[in-house]
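Take a look at the letters that make up each chain.
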Amino acid sequence: MQVFNPLLFSGFWYEVSSIKPNVTPYIQQHCRNTKTLFIYDNSNPSKSILHTQTACTDFDNTVKTTLEAEITCNNISSSKSSMKSSTKCIISYPSQPFVPQSEYKILNTDYSTYAIVATNTYNNKINSSSIIQIYARVPYPGAKFLKTHKNTLYKLFNYNIDFYDTPQDLACIIIPPE
């Protein structure tokens with residue numbers, strides 16, 4: 001993926017699978033119905049900003065956590081004469097200053113159906129302490145979708161660690177056929 005487009009990324013995304021090492025269990029480790037709203041803020045012409053609001057429920061469907069964050073992205077050219085560019089993003093938690101900011105890497109997305117993102121990366125590389133999330137635009141995209149995007153991580157990054165599939169409230173969702 002080259003340059004990230006925050007406007008296309010805006011809207012609701014459902015976390016359908018994740019790896020969250022070193023995350024305290026009461027902070028979204030085993031949430032269900034995890035949904036994030038990404039809101040594009042174009043008030044600063046020199047950088048792209050996405051405000052996020054994430055919520056998940058506990059198994060009794062009460063809201064377990066809500067988390068607000070800000071993702072700030074800068075487009076970076078490889079060289080002055082090169083047309084190649086990439087996007088460097090940082091996620092921070094203004095309402096929780098004790099949570100350190102970290103790199104936010106959009107590993108792969110088509111903007112309309114899936115996104116694979118990672119935080120706690122180092123020099124754009126995913127590692128054993130990275131938080132990796134697979135997002136979908138719908139709450140239950142199906143087993144084939146999950147398998148495809150988990151395999152994407154393996155093929156692109158040789159990353160093969162078991163994911164925790166985020167439970168969705170199946171009572172309210174029509175499960176599509178595989």
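Novice: Could you clarify how one ought to interpret the overall build of the protein in this entry?
Specialist: Scanning the protein for helices and strands turns up two helices and nine strands. Start at the N end of the protein and walk to the C end: the helices and strands fall as α-β-β-β-β-β-β-β-β-α-β. Summarising the internal contacts of the protein: among those between residues at least 6 apart in sequence, 53% fall at separations of at least 24. Element-wise, carbon and sulfur atoms account for 54% of the exposed surface of the protein, whose accessible area totals about 10200 Å².

Novice: How should the confidence of the model for the protein be read in this particular structure?
Specialist: Low pLDDT means the predicted coordinates in that region are not meant to be read closely. On average, the protein scores 77 in pLDDT, and the residues at 70 or more come to 70%. Taking the mean pLDDT of every element in the protein, the minimum, 74, falls on strand β4 (residues 63-77) and the maximum, 92, on helix α1 (residues 6-9). For residues 77-85, every residue scores under 50 in pLDDT, and the model assigns this stretch eight contacts once sequence neighbours within four places are set aside. For the stretch residues 171-178, pLDDT sits under 50, and the model shows 10 contacts to residues farther than four places along the chain or on other chains.

Novice: How do you make sense of the environment of R32 when you look at a structure like this?
Specialist: Among the structural elements, R32 can be located in strand β2 (residues 32-41). The class of R32 is buried, set by a relative accessible area of 13%. Placed 24 residues apart in sequence, R32 and C56 show a C-alpha to C-alpha distance of 5.8 Å.

Novice: Just checking my understanding: could you explain the side chain of S18 for this structure?
Specialist: Tracing the chain through its elements places S18 in strand β1 (residues 11-19). Within the structure, S18 has its side chain in polar contact with the side chain of E15 (distance 3.4 Å).

Novice: How should the environment of G142 be read in this particular structure?
Specialist: Structurally, G142 is set in the loop between β8 (131-136) and α2 (143-157). Accessibility expressed as a relative area gives 0% for G142, which makes it buried.

Novice: In this structure, what is going on with the nonpolar core? I would like to understand it.
Specialist: For soluble globular proteins, the rule of thumb is that nonpolar side chains tend to be buried together. Counting residues in each nonpolar core, the largest one holds 18 residues, and the members touching the most others are F4, F9, F38, I71, C89, Y104 and Y135. Mapped by element, the contributors of at least two residues to this core are β4, β5 (85-92), β6 (102-109) and β7 (114-119). Broken down by element, the residue count for this core peaks at four residues, all from β4. Grouped together as the second largest cluster of nonpolar side chains are 14 residues, V16, I116, I134 and F163 included.

Novice: Hey, could you run me through the pattern of salt bridges in this one?
Specialist: Opposite charge on two side chains permits them to pair, given that their charged atoms come into close proximity. Counted according to the given criterion, the structure contains two salt bridges. In this structure, K88 and E103 form a salt bridge, with 4.0 Å as the shortest nitrogen-oxygen distance. Of this pair, K88 sits in strand β5 while E103 is found in strand β6, placing the two residues 15 residues apart along the sequence. One salt bridge connects K150 with D165, and the closest N-O pair in it is separated by 2.8 Å. Residue K150 is found in helix α2, and its partner D165 is found in strand β9 (residues 164-165); the two are separated by 15 residues along the sequence. Overall, K150 belongs to the partly exposed group, its relative accessible area being 24%.

The rules behind these values
Residues numbered from 1 in each chain as written. Predicted model: local features only at pLDDT ≥ 70, side-chain atom pairs only at ≥ 80, totals over all residues. Heavy atoms only, no water. Helix = DSSP H or I, 4+ residues; strand = E, 2+ residues; numbered from the N terminus. Contact = heavy atoms within 4.5 Å. Areas by Shrake-Rupley, 256 points an atom, 1.4 Å probe, with all protein chains shown as cover. pLDDT = per-residue confidence, 0-100. Buried < 20%, exposed > 50% of the residue type's maximum accessible area, 1.4 Å probe, protein only. Polar contact = N/O pair within 3.5 Å; in protein donor to acceptor, adjacent residues only side chain to side chain. Core = buried A, V, L, I, M, F, W, Y, C linked by side-chain atoms within 4.5 Å. Salt bridge = Lys/Arg side-chain N within 4 Å of Asp/Glu carboxyl O.

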